[in-house]
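# Coordinates in review
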Amino acid sequence: MTARKYLTSHQPSALKLFGIGLMLIGVGLFLLPEAHAQTLGSDDAPPEVTRYTSIFDSAVTAQPQAQATGNTPAGAPTRYTSIFDAQPAATSPETVTEAPGEAMPEESPTPAPQVTRYTSIFDGAQTGGQQPAQAATAVPQATRYTSIFDSPTQAQPAGQPTRVPSIFDSPTSGQPAGQPTRVPSIFDSAPGAQPAATTTIAPAAPIGSIFDSRPADVIRFEGQEPPDREYCLSCHANPNLVMELPSGEVISVTVNEEEYLSSVHGQHGKDGYRCIRCHTGMNEYPHPEVEAQSARELTIELSTSCQGCHADKYDEMVDDVHVALLASGNENAAVCSDCHTGHAVQRLTDETTGQPLPDIGDESAAMCATCHSEIYANYAQSVHGSAVLEGNPDAPTCADCHGVHNTQGPSTGAFRLFSPQICATCHADEQLMAKYGISTDVFDTYVADFHGTTVSIFQRTAPDQPINAPVCADCHGVHNIMATSGEGSIAIKENLVATCQRCHPGATTNFPDAWMSHYAPSLERTPLVAIATAAYTIGIPAIIGGLGLFVLSDIRRRRVERRKERQHED
Amino acid sequence: MKTETQRKYFRFPLAYRIEHWVMVASFTTLALTGLVQKFAQSDISIWIINALGGLTNVRIIHRIGATVLILEAIYHVGLLGYNLFVRRYSPDLLLTREDLRNALHTFQYNLGWRKERPKQGRYTFEEKFEYFAIIWGTIVMIVTGFILWNPIAATSVLPGEFVPAAKAVHSGEALLAVLAIIVWHMYHVHIRKFNKSMFTGYLDAEDMLEEHPLELEALNQPVEPEPDPDRPRRRRVFLTVYGIVAAVLVAVVAYLITFEQTAIETIEPIETVNVFAPLPPEPVQIVSFDRPLNSWEDGVGELFATRCTFCHGARMPLSGLNLTNYDAAILGGTNLPAITPNDPENSGIITKLRSGDHPAVLTDEDLAGLEAWIKAGAPRE
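Only a predicted model underlies this, so the values are computations on that prediction, with no experimental measurement involved.

## Comments concerning the overall build of chain A
The helix and strand inventory of chain A stands at 25 helices and four strands. For chain A, buried positions account for 28% of its 570 residues. Expressed as a percentage of contacts within chain A between residues at least 6 apart in sequence, the contacts between residues at least 24 apart total 61%.

See below:
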């Protein structure tokens, strides 16, 4: 099934089409001539649905379409104007030149379409000055945000002497080698083949590094073979290895080899990835001094190294709320390793299909719980959470509603307004709902009701506006969502009054019956509504048909008379 | 004869015409702003809603239209009363059996089953039908509209189900009214023949003859109006009574417009929870050796093997220190003597670890055990 873009009612009837047709005539008659022209124009336009960018649209589809139709609503671009928009443009030359590199050919695909994907409407240069105002703002943004998420290679263009060398700079970065755009990486294979020397202990004299505070014991890798894991673990397997940071925090720098080897990185190839693949710059001892002031800073710094191989995930995160928070200076915002861990990274998606593995629901929820423990506690008790924790692969885990890597901030008007579609992904799926005996009528009945109609209209007319019409979660709850049967459920009338009163403070005990509880009108449940609906469903065609018949008879009569008059004149 | 057909007959005074156009304005406004909500899924509806400045505006406009229509209805009741009670007009607007027969006969005439078109008076059955449809529709729409406008007040008296039922009726009746106007009114007054009487007030003789032959006859035989000395009194009485009634009704309308605030205007938070509530980080674990350190053979050697020889081993003795065997350990590193028997103060192992300037650490107990071992002469066995 396809996820519905907008809340729509599935009750098309001849009457409705008839009504729309007549309304068209009515509009033409009553409104200005321009209105008529516009109406006709919109028939030729692509389906309305594509025009409005939903928060659920991936950036890929939303942007090009908005551009193609030229109908981008004035407010819409701001939604996708992420601070990271400008970045991939800067990234592309880097990644492209890196692609033919010999060191890790299998890991850096960075396909060309991704480059074009984000250089669409917000890049002033490409659009040929179509939006000069935006282009002007885009340039400073590019420079401003090339901080923490840039891989070290791109953060330091060739001609910036003022920059303090970072620990993540590869040691050879000072060399003005033949590759001006790209700082040589430790992953580069050697230009001159030398015997695969393991490690050599250098002479006592200090060599080069600005970090050498102690002249003795500098160990460098004079050959081209980078240190392997075994080499690093010869120290870091020590269970009591700690490091004190300037903040006073003491962190463990012990690596659990067993844990690493069971991780997806540890299982790569014959022997797993080398440590320095992520811990770039750590290819000498004593290690370069850590610049991070606190454990959190260190975590954030280290997570930037993920981009080297997982650039596609970084691209996905362009619109992610965590990324935006981090960029705004909130150090608590999650970075890669907060969810995926540093050394125990596990595979979460199917290697061939890229789809999430079916049995990771509880693990993935636990990841989010690291920072969102209170929400997790609510969720774990809910009908969804308890099912996930019992291993039910159908029930939604955090990511099913919030997304991964493109997590949206749930406090925006747009998120609220479009949240029914999140529920619809499962609750409009007849096959899935049949398994649990849940009706999929909930959306049609919601849209048919005043609340849902309001929401569906706002989705298309003011997609960013925070509105107070209730969405699913207002009545059913969010993370603490309960089944609609059983104690404490909203379906019990006393509870329903309380639910209504949250928005309708004056509501009395009769009031909840004004809500038809997601049931279509029926003689058993709502006889008045059923009779009224039936009366007009039958009455309108009958009465209008009768009137029309009379009109037709009059038309016939007038034609007969005109013919007679003509004969009379002849 | 020619002058006769060109003659115009006065049909609607200005007040009637103004009333009609007020009605047209409010009806059109209501139909437009209402049907876009009824057919909310339609692209045209969305276009109109956008053109009117959004759904909130549409709903405000709808209520303004409704208020105008209600005020117009109150005025119309007064007009009817005045015409009947003060002017003593005959109630020729009422539907009679004659009208039903006229309708049937007209239909039969249209189909050619009857030779003559029935002769009708001032108001034809077509006009009467439309008039009463509007009277009926307006009452239905005002009642159901009130319930929808004030659902909390309504359900304090009526069962809750009346609200969705009112919505079904309001929406069905709206569609019926609009379609009736388009099919019936538009055809008879604009398409069949463009009737200008609602613009100019006059209808020409040809149209009069065709549509209102009985009225034409009456108009052509004018009768002297009888003197009516009682009229000023009736007028006074009526205006007093109606004035009071109308004032009350208008006051009620004014009150009801702002009577109920159905819903709060803020957005209530769905859940109150700390979004960022991180689990406490795992404390750094220093693994204790936790065994007696009596001699190199009994404890110390193994402590070094599991804690120190990662870096101070045979393969890569950092600082030249090799702690894999007793002799090498006693030999010490390049900078400091590692172990000076009996003298922990001069033993690099102890001072370095105590200084905190060493990446690997031992628990205080292990360090104390090591110190005791050195104090005891660092015995091999």
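More follows now that the structure is in view.
## Observations concerning the overall build of chain B
Each helix and strand in chain B was counted, giving 16 helices and two strands. Its C-alpha radius of gyration of 50 Å places chain B more than 25% over the 21 Å reference for a compact globule of 381 residues. Dimensions of chain B, computed from C-alpha atoms along their principal axes, come out at roughly 145 × 50 × 35 Å. Scored against the burial criterion, the 381 residues of chain B give a buried share of 29%. A separation threshold of at least 6 residues defines the contact pool for chain B, and within that pool the share at least 24 residues apart is 61%.

## Notes on the interface of chain A and chain B
In this complex, chain A contributes 86 residues to the contact, which on the side of chain B involves 78 residues. With 18 residues, the top contributor of residues to the side of chain A that touches chain B is helix 25 (residues 527–569) of chain A. Split into classes, the residues belonging to the side of chain A that touches chain B amount to 43 nonpolar, 32 polar and eleven charged.

## Focus on helix 16 (residues 373–381) of chain A
All names here are of chain A. The set of residues buried in helix 16 consists of I375, Y376 and Y379. Take helix 16 and look down its axis: the buried residues cluster within an arc of 100°, on one side only. Buried residues along helix 16 sit in contact with helix 15 (361–369) and helix 17 (383–389).

## As for the confidence of the model for chain B
Looking at chain B, the pLDDT average stands at 91 and 98% of residues meet or exceed 70. Predicted as a complex, the structure gets a pTM of 0.71 and an ipTM equal to 0.84.

## Thoughts on the environment of H340 of chain A
Residue position: H340 of chain A is located in helix 14 (residues 336–340). Counting along the chain gives 24 residues from H340 of chain A to S364 of chain A, while the straight-line C-alpha distance between them is 9.3 Å.

## As for helix 6 (residues 125–149) of chain B
Along an α-helix, residues three or four apart share an orientation, since each turn contains 3.6 residues. All names here are of chain B. Across its 25 residues, helix 6 extends 35 Å between first and last C-alpha, which sits within 8% of the 36 Å expected from 1.5 Å per residue. Those residues of helix 6 that fall on the buried side of the exposure criterion are F125, E126, T138, M141, T144, G145, I147 and W149. Buried residues in helix 6 make contact with helix 4 (55–86), helix 5 (97–110), helix 7 (151–155) and helix 8 (162–191).

## A closer look at the nonpolar core
By size, the foremost hydrophobic cluster in this structure holds 58 residues, and its most contacted members are A31, L35, V36, I49, A165, V178 and A180 of chain B. For this core, the element with the most residues is helix 8 of chain B, which contributes 14 residues. Excluding anything up to four places from it in sequence, A165 of chain B contacts L528, V529 and A532 of chain A. Counting residues in each nonpolar core, the second largest holds 24 residues, with C235 of chain A together with W296, L321 and I349 of chain B among its members.

## Focus on the domain arrangement of chain B
In terms of domains, chain B is made up of domain 1 (2–220 + 230–257) and domain 2 (300–375). Relative to domain 2 of chain B, the C-alpha centre of domain 1 of chain B lies at a distance of 105 Å.

## Description of the packing of helix 2 (residues 14–38) of chain B against helix 4 of chain B
All names here are of chain B. At a minimum axis distance of 8 Å, the contact between helix 2 and helix 4 shows a crossing angle of 145°. Between helix 2 and helix 4 lies a crossing of left-handed hand. The segment helix 2 lies against helix 4, with E19, V22, M23, S26, T29, L30, T33, G34 and V36 engaging V58, I61, H62, G65, A66, V68, L69, E72 and H76. Tallied by class, residues from the contact of helix 2 with helix 4 come to nine nonpolar, seven polar and two charged.

## A look at the confidence of the model for chain A
Confidence in the prediction for chain A averages 70 pLDDT; 60% of positions are at 70 or higher. Confidence over residues 26–217 of chain A falls short of pLDDT 50; this stretch has 214 contacts with residues more than four positions distant or in other chains.

## What to know about the packing of helix 2 of chain B against helix 8 of chain B
Residues and elements named next belong to chain B. Running from N to C, helix 2 and helix 8 point in directions that differ by 125°, and their axes come no closer than 10 Å. As judged from the angle between their axes, helix 2 and helix 8 are oblique. For the pair helix 2 and helix 8, the crossing hand works out as left-handed. Of the residues in helix 8, those in contact with A31, G34, L35 and K38 of helix 2 are S171, A174 and V178. Grouping the amino acids of the contact of helix 2 with helix 8 by side-chain chemistry returns four nonpolar, two polar and one charged.

## Quick look at unusual backbone geometry
Residues and elements named next belong to chain B. A positive phi angle is found at R88, which is not glycine, with a value near 60°. Tracing the backbone shows R88 in the loop between helix 4 and helix 5. With a phi angle near 60°, D290 is a residue other than glycine that sits in the positive phi range. In this fold, D290 is placed in the loop between helix 12 (231–257) and helix 13 (300–307). By C-beta crowding, D290 is classed as exposed, having 10 other C-beta atoms within 10 Å.

## Concerning the environment of M23 of chain B
As for its placement among the helices and strands, M23 of chain B is situated in helix 2. For the pair M23 of chain B and L69 of chain B, spaced 46 residues apart in sequence, the C-alpha to C-alpha distance is 6.7 Å.

## Overview of the environment of P288 of chain A
With respect to the helices, strands and loops of the structure, P288 of chain A is situated in the loop between helix 10 (257–261) and helix 11 (295–303). C-beta crowding within 10 Å serves as the criterion here: with 20 such atoms nearby, P288 of chain A is assigned to the buried category.

What counts, and where the lines are drawn
- Residues numbered from 1 in each chain as written.
- Chains lettered and ligands numbered in written order.
- Predicted model: local features only at pLDDT ≥ 70, side-chain atom pairs only at ≥ 80, totals over all residues.
- Helix = DSSP H or I, 4+ residues; strand = E, 2+ residues; numbered from the N terminus.
- Buried ≥ 20, exposed ≤ 12 C-beta atoms within 10 Å, placed from the backbone.
- Contact = placed C-beta atoms within 7 Å.
- Rg over C-alpha atoms; globule rule 2.2 N^0.38 Å.
- Nonpolar A, V, L, I, M, F, W, Y, C, P; charged D, E, K, R; others polar.
- Arc of directions from axis to C-beta.
- pLDDT = per-residue confidence, 0-100.
- Expected span 1.5 Å × (residues − 1).
- Core = buried A, V, L, I, M, F, W, Y, C linked by C-beta atoms within 7 Å.
- Domains from an automatic or database assignment.
- Axes fitted to C-alpha atoms, helices over the stretch in contact; angles between N-to-C directions.
- Left-handed = near helix turned anticlockwise from the far one by under 90°.
- Parallel < 35°, antiparallel > 145°, perpendicular 65-115°, else oblique.

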